[in-house]
Amino acid sequence: MPVHESDICVIGGGITAAMLVERLTELKPDLRITVVEAGRSIFDRENRGQYHRRALEYGEHPWHDDFIEDQRARGMISMTMAVGGQALHWGGACNRFSEEDLRLKSLYGLAEDWPLAWGELERYYVAAERRLNVAGDASPYPEDRRSAPYPQPAMPLSYNLQVLKTWAEQSGLKFSPLPMSRNVTAPFGGRGQCGLYDTCGDVCPTGARYSPDYTYQQLIAARKVTLHDRMLIRRLVVDEGRSTIAMAQGYHQDRPNEVTEYRAKQFVLASGQCWSPHLLLLSTSARFPNGVANRSGLVGRFMNGHKFISAQAAIDEGTFPGQNMTHSLISREYFRCATGKAFVRHDTRVWESSAGKEPRLRGGDGRLLLGDEVLTDWRARATKGSSVRLRTYYDSHPAIDSRLALDPVSKNRYGDPMPKIDRQLDAAAQAREAATLAHCTAVFERMARASNGRLTGQPSVSTYWDHPAGGCRMGTDPATSVCDSFGRTHDHENLFVIGAPTLPTGGCTNGTLTFVALSLRSAERIAG
């Protein structure tokens, strides 16, 4: 039976693990660190231009085998399992939460406060932005004051976004380019400079958008970390007669009958909001029949993220869709909600859109179009006005029964029950759903009317929660939380959970930067 020993064993190989390990190697260069990832390493950047071409020409998935067929979770929006995780093909959005996210209970009597101060988190936002080389502009809202500027100026706005910014701000809202983790001004971190070619929806051939696989390759080349990929950790084992974790037991995809033991002084779960609580729940024993780190019974509870409302608008201004459709504008106007008023918090996002501008084979009256009629119809629609995509991520507070549980019906090749996630709003959030939709619809209508525009349909509420988090929420009371603000579990002093699972609530904007900032803060406590 293979046995591997290290100072720190990190389980999971996504963006939070990459940032954590990189920081640990700076704080204590002599640490022996092993990273264990269930998926494979996709270290083939030289082929990514070809992958992108084939995705465009043939509709192929550009990330071959970035998942494990029998590791599926019901209620999860991505199957990605590979070194780099979902950040292999994220958009690069790096917006901050706001101070209100940390004080929901104190300010509004809702949900739960986070067990750390905004000033503390803000310092690690700065550190995260520097590591990810975020490009952004200072917010026009004074409440968003920063202790340091972004490492780079914001991505330049395309002609389309310049037009849309002028249009959107006629409503009285203030918009900025969405902060992005892309090398806009020069190469950085061994990755190329962004060419603004709008390939980020599939794959970034130059590495200009941050991707964790670059970090792992650099750490491995410098012999600062040992990476074991295609190794699924199925169980954490607690020391006999003690509360510390003694080992993690893993199984390699090519050796499914051979157990591999990982022994370390400290263990870090960095497997995301699904697989981190899942592993804790799987790790049952006579002493811990409900799994490890679960004395509170809250592992897998308070699963969060945020819901969103989407709409399309038609406006008079002319744009030319396809210039940089992954980039967008953001307003933080409604990040704050005055106390004593009906609670609603959300970001407001604007993208260019080709909706209604694509070629079609039937006219508006249903008549079949033939020959030059297709081009004539297309030209008439494409050169008249513009379509705009609108969206709000809104603050969605989870109930205690917003839950990840073990599914006895769905099992992997080893017979382990897979996760089943059922997200639910708490009673207060559920009660304000109609009011939230009405508010966001009014915001969209206000924006559209600013240019004699109109909404082209009723705004719709998402059927899933984006930027999912939770399942191991942080807190100061072991009875009502799984870990402290650094991710150290209350029940096991050498076991940490980092990133998305620790969030008590999911905010109202993209979460990745927050996951990274919290992980960098955890690194300093783990290093000691």
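Anyway, here's the lowdown on the structure attached to this text. (Residues numbered from 1 in each chain as written. Predicted model: local features only at pLDDT ≥ 70, side-chain atom pairs only at ≥ 80, totals over all residues. Heavy atoms only, no water.)

### As for the overall build of the protein
Consideration 1: In terms of regular secondary structure, the protein is built from 11 helices and 19 strands.
Consideration 2: Taking 528 residues into account, the globule formula puts the C-alpha radius of gyration at 24 Å, and the protein, at 24 Å, falls close to it.
Consideration 3: With respect to the three principal axes, the spread of C-alpha positions in the protein is 75 × 55 × 50 Å.
Consideration 4: The buried share among the 528 residues of the protein stands at 58%.
Consideration 5: Within the protein, counting contacts between residues at least 6 apart in sequence, those at least 24 apart form 74% of the total.
Consideration 6: Looking at the protein as shown, the accessible area adds up to about 21300 Å², and 50% of this sits on carbon and sulfur atoms.
Consideration 7: Computed over 63 positive and 59 negative side-chain charges, the separation of the two mean positions in the protein equals 1 Å. (Helix = DSSP H or I, 4+ residues; strand = E, 2+ residues; numbered from the N terminus. Rg over C-alpha atoms; globule rule 2.2 N^0.38 Å. Buried < 20%, exposed > 50% of the residue type's maximum accessible area, 1.4 Å probe, protein only. Contact = heavy atoms within 4.5 Å. Areas by Shrake-Rupley, 256 points an atom, 1.4 Å probe, with all protein chains shown as cover. Lys, Arg positive; Asp, Glu negative; His and termini not counted. Charge placed at Lys NZ, Arg CZ, Asp CG, Glu CD.)

### Description of the pairing of strand β12 (residues 348–353)
Consideration 1: With six of six residues buried, β12 is to be regarded as a mostly interior element.
Consideration 2: Along β12, one buried face is formed by T348, V350 and E352 and the opposite face, lined by R349, W351 and S353, is buried too.
Consideration 3: Relative to β12, strand β11 (residues 329–331) runs antiparallel, the two sharing three bridges. Pairing of S331 across the sheet is with T348, part of β12. (Pairing = 2+ DSSP bridges.)

### Considering the pattern of salt bridges
Consideration 1: This structure, assessed with the given rule, holds 35 salt bridges.
Consideration 2: For the salt bridge of R336 with E100, the shortest nitrogen-to-oxygen distance reads 3.6 Å. Here the residue R336 occupies a position in the loop between β11 and β12, and E100 occupies one in the loop between α2 (48–58) and α3 (104–108), the gap between them amounting to 236 residues. The two residues R336 and E100 agree in class, both being buried. (Salt bridge = Lys/Arg side-chain N within 4 Å of Asp/Glu carboxyl O.)

### Some remarks on the nonpolar core
Consideration 1: Ranked by internal contacts, the top residues of the largest apolar core, which has 51 residues, are V10, L24, W114, L121 and L132.
Consideration 2: Breaking this core down by element, the ones donating at least two residues are β1 (3–11), α1 (15–27), β2 (33–36), α4 (118–132), α6 (212–221) and α11 (512–527).
Consideration 3: Tallying contributions element by element places α11 first for this core, with nine residues.
Consideration 4: Beyond its immediate stretch of four places on either side in the chain, L24 contacts I8, L31, I33, A523, I526 and A527.
Consideration 5: Within the second largest apolar cluster, 41 residues are counted, among which are L232, A248, C274 and L404. (Core = buried A, V, L, I, M, F, W, Y, C linked by side-chain atoms within 4.5 Å.)

### Here's the deal with unusual backbone geometry
Note: most residues except glycine have negative phi, and most peptide bonds are trans.
Consideration 1: If you check the backbone angles, D65 has positive phi at about 55 degrees while not being a glycine.
Consideration 2: Relative to the assigned elements, D65 resides in the loop between α2 and α3.
Consideration 3: A positive phi angle, close to 60 degrees, is found at R230, a residue other than glycine.
Consideration 4: Within the element layout of this structure, R230 appears in the loop between β6 (226–228) and β7 (231–238).

### Quick look at the packing of aromatic side chains
Consideration 1: Taken as a whole and assessed by the stated rule, the structure comprises seven aromatic pairs.
Consideration 2: With centroids separated by 5.4 Å and ring planes inclined at 50 degrees, the aromatic side chains of Y251 and Y414 adopt a geometry described as tilted. In this pair, Y251 sits in strand β8 (residues 245–252) while Y414 sits in the loop between β14 (403–411) and β15 (417–422), placing the two residues 163 residues apart along the sequence. Comparing Y251 with Y414 shows no difference in burial state: the two are buried.
Consideration 3: Three or more aromatic residues joined by ring pairs form one cluster here, namely F308, Y393 and Y464.
Consideration 4: The aromatic ring of F308 is capped on one face by R391, whose charged end is 5.6 Å from the ring centroid.
Consideration 5: The lysine or arginine in question, R473, covers the ring of F302, its NZ or CZ lying 3.8 Å from the ring centre. (Phe/Tyr/Trp six-rings, centres within 6.5 Å; stacked < 30°, edge-to-face > 60°. Lys NZ or Arg CZ within 6 Å of the ring centre and 35° of its normal.)

### Observations regarding the side chain of D407
Consideration 1: Its place among the elements puts D407 in strand β14.
Consideration 2: Reaching out from D407, the side chain makes a polar contact with the side chain of R74 at a distance of 2.9 Å.
Consideration 3: Within polar-contact distance, the side chain of D407 engages the backbone nitrogen of V409 at 3.0 Å.
Consideration 4: With sequence-adjacent residues up to four places away left out, D407 is seen in contact with R74, P417, M418, P419 and K420. (Polar contact = N/O pair within 3.5 Å; in protein donor to acceptor, adjacent residues only side chain to side chain.)

### Description of α4
Consideration 1: End to end, α4 covers 21 Å across 15 residues, agreeing with the expected 21 Å (1.5 Å per residue, within 8%).
Consideration 2: Looking only at α4, the buried set comprises W118, L121, E122, Y124, Y125, V126, A128, E129, R131 and L132.
Consideration 3: As for α4, its buried residues are in contact with α1, β3 (134–135), β5 (180–181) and α11.
Consideration 4: Among the residues trailing α4, N133 stands out with phi positive, at a value near 55 degrees. (Expected span 1.5 Å × (residues − 1).)

### So, the environment of R362
Consideration 1: Note on placement: R362 falls in the loop between β12 and α8 (372–382).
Consideration 2: Overall, the relative accessible area of 48% leaves R362 in the partly exposed class.
Consideration 3: Apart from residues no more than four positions distant in its own chain, R362 is found in contact with R367, L368 and L369.
Consideration 4: A polar side-chain atom of R362 sits 2.9 Å from the main-chain carbonyl oxygen of G366.

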